[in-house]
Amino acid sequence: MEILSEWLSAQLEQESAEPVYRQLLHLMQQAILTGRLAPGTKLPSSRSLAGDLHVARNTVLHVYDQLSAEGYVISTTGSGTYVADTRPDSAAVSLPPLDGETADEATATASPRGDISSRGQRLIDQAGVSAKQWGAFMPGVPDVAEFPARTWSRLQSRLWRSASHGLLTYAPGGGYRPLRRALSDYLRVARSVRCTPDQIIITTGIHQSIDLTVRLLADVGERAWVEEPCYWGARSVLQSSGLKLAPIPVDDEGLNPSEADLRDPPRIALVTPSHQYPLGMVMSLARRRTLLEYARQHNVWIIEDDYDSEFRYGSRPLASLQGLDDANQVIYVGSLGKLLFPGLRIGYMVVPERLAPIFRTGVAELYREGQLMQQAVLAEFIMDGYLTSHVRRMRTLYGERRQLLIDAVTRHFGDALPVMGEEAGLHFVLGLPDYADDRATTAAALDAGVIVRPLTGYYNGEQKRQGLLTGYACVPHEQIEPAFATLARVIEDQVFARAPNAKQRAA
Ligand SMILES: Cc1ncc(COP(=O)(O)O)c(C=O)c1O
């Protein structure tokens, strides 16, 4: 035991800021874990160790108590304190050999399992999320500076002053009832969605709504149709839930499955009918009806992602697909992220009546939802009319910014670069010639201080169109021209200066 006390006294640092008690505890734990103190070893009495180390006996007694409470040692009244045998059970950690295999062969062939699952690796390899979330020309982001923060804070303070206990617990499955009522009224009027408050499930956003739908309605290995190109976030959620993606091309009328696609019905079809993401077209009525009929016949669940349809310039917002669905095959998902601010993380889904109890249980079971206070503030915000007036004001503002950006494109490039999907939303696509490299252009733009996203990053198949997703909603009017002038210089440099025929400017 002299050896233990010698080792401990060599390790203890008198000058250290860490109290002696903590140093001693860590040293003894380390000695036991590394085998320096073998199982069964009797520890010196507290009195003798304290004497050897020149520390108070109480300090050693506390250390022994803590070691005993954490299972490092066993104390028996009268006979002393012994190091416990906590070595991992060798039978539990080494797998038995397979039938007909000797133990040595099993060890030789066992390959260490990688840290990351293959679906996790694919998620990381294809990740689209960017470090920067704000600035010219970040696509898909509303102008959070315009959010009526004072109104929100007034509603919030009032609710906190009278905070009922019910608002501070976990949310009931489906979310805060008055919010579900307010949303069902809003969606009926604004989006022609047919629903009752019972059919509304509050989530943290569209990502979570898709995740929940997939977990409840599809099995690992089943197929999901996604539009080609599509939002990378939705693709990531589907794929990491173990679904196989089938990219289906889109044309001017939206989703356009081939004969071969139709012969193999998927479990899920994820679509953006009111405003295809990212290209911007609207699914025609004929295609909507065909898709709904196909889903009815083959029992396909359609997820309708209605992420930004309120922002349509020049014409009224288009009705939802869900409103046409007589067979109850559509799961409608939306979010307050683009209407109010992305960090709010409140979204909603409208599910067919027969599925509502399943989704209410599922959401509470999987995610243990809360944020009732935020949900209550939002309910009041909607009921008092602030949502509608904010959206109306933002539609005008974003419409002006969109026009300023289109004017800037025309001023710099004439009609050499097509602007696609500009009728609605918070971004448009600036088409680049086929020979361009939109990823390199995006990286160069970022170096120059401008954010865009490469269109090719949204494709899942081989055929990709070159372009830049260019957002205007979060860019103040006066910054649009100077920021676009910077982007234009990058495009000149990265695209036109590298054209096969350097003078070529055709799209
Ligand atoms: C098409 C589309 N769906 C969904 C989302 C994300 O929705 P949420 O933030 O509610 O998860 C985005 C975000 O940009 C999007 O572009």
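Look above for the structure.
Residues numbered from 1 in each chain as written. Predicted model: local features only at pLDDT ≥ 70, side-chain atom pairs only at ≥ 80, totals over all residues. Heavy atoms only, no water.

> Looking at this structure, I do not really get the sheet that holds strand S4 (residues 223-228). What am I missing?
For sheets, the rule is that strands pair by backbone hydrogen bonds, running either parallel or antiparallel. With respect to topology, 8 strands assemble into an open sheet ordered S3-S10-S9-S8-S7-S4-S5-S6, the strand pairing being mixed. Pairing within the sheet leaves two strands with one partner each, and these edge strands are strand S3 (200-203) and strand S6 (254-255). Packed on one face of the sheet, helix H9 (residues 177-191) meets S3, strand S9 (330-335) and strand S10 (347-350) and runs near 110° to S3. (Pairing = 2+ DSSP bridges. Helix = DSSP H or I, 4+ residues; strand = E, 2+ residues; numbered from the N terminus. Contact = heavy atoms within 4.5 Å. Axes fitted to C-alpha atoms, helices over the stretch in contact; angles between N-to-C directions.)

> Whenever I open this one, the pairing of S3 confuses me. Can you help?
Side-chain direction in a regular strand flips from residue to residue, so the side chains alternate between the two faces of the sheet. Here S3 shows two buried faces, one formed by Ile200 and Ile202 and the other by Ile201 and Thr203. Two elements, S3 and S10, share 4 bridges in a ladder whose sense is antiparallel. Bridged to Thr203 within S10 is Gly347. (Buried < 20%, exposed > 50% of the residue type's maximum accessible area, 1.4 Å probe, protein only.)

> Even after reading the chapter, I still don't get the site of the ligand, so can you show me in this structure?
Surrounding the ligand, one finds Gly205, Ile206, His207, Tyr231, Tyr277, Asp305, Tyr307, Ser335, Lys338 and Arg345. Here Asp305 contributes a side-chain N or O atom positioned 2.6 Å from a nitrogen atom of the ligand. In isolation the ligand has 400 Å² of accessible area, and contact with the protein removes 89% of it. Within the shell around the ligand, the residues separate by chemical class into 4 nonpolar, 3 polar and 3 charged. (Near = heavy atom within 4 Å. Polar contact = N/O pair within 3.5 Å; in protein donor to acceptor, adjacent residues only side chain to side chain. Areas by Shrake-Rupley, 256 points an atom, 1.4 Å probe, with all protein chains shown as cover. Nonpolar A, V, L, I, M, F, W, Y, C, P; charged D, E, K, R; others polar.)

> Got a minute to help me understand the packing of aromatic side chains in this structure?
Aromatic ring pairs are defined here through the distance separating the ring centres and the angle between the ring planes. Inspection of every chain in the model, using the stated rule, returns 17 aromatic pairs. Ring plane angle 40° and centroid distance 5.6 Å describe the contact between Phe381 and Tyr386, whose orientation is recorded as tilted. Residue Tyr386 is classed as partly exposed on the basis of its relative accessible area, which comes to 26%. Grouped by ring-pair contacts, the aromatic residues Phe147, Trp152, Phe341, Phe381 and Tyr386 constitute a single cluster. Sitting above the plane of the Tyr170 ring, Arg368 keeps its charged end 3.9 Å from the centroid. (Phe/Tyr/Trp six-rings, centres within 6.5 Å; stacked < 30°, edge-to-face > 60°. Lys NZ or Arg CZ within 6 Å of the ring centre and 35° of its normal.)

> Help me understand the packing of helix H3 (residues 46-53) against helix H4 (residues 57-69) in this model?
A pair of packed helices is characterised by two quantities: the angle between their axes and the separation of those axes. Two elements in contact, H3 and H4, have axes separated by 8 Å at closest approach and are oriented at 125°. With respect to H4, the element H3 is oriented oblique. Note that H3 runs across H4; the crossing there is right-handed. Contact residues: Ser46, Arg47, Leu49 and Ala50 in H3; Arg57, Val60, Leu61 and Tyr64 in H4. Of the residues in the contact of H3 with H4, the class split is 5 nonpolar, 1 polar and 2 charged. (Parallel < 35°, antiparallel > 145°, perpendicular 65-115°, else oblique. Left-handed = near helix turned anticlockwise from the far one by under 90°.)

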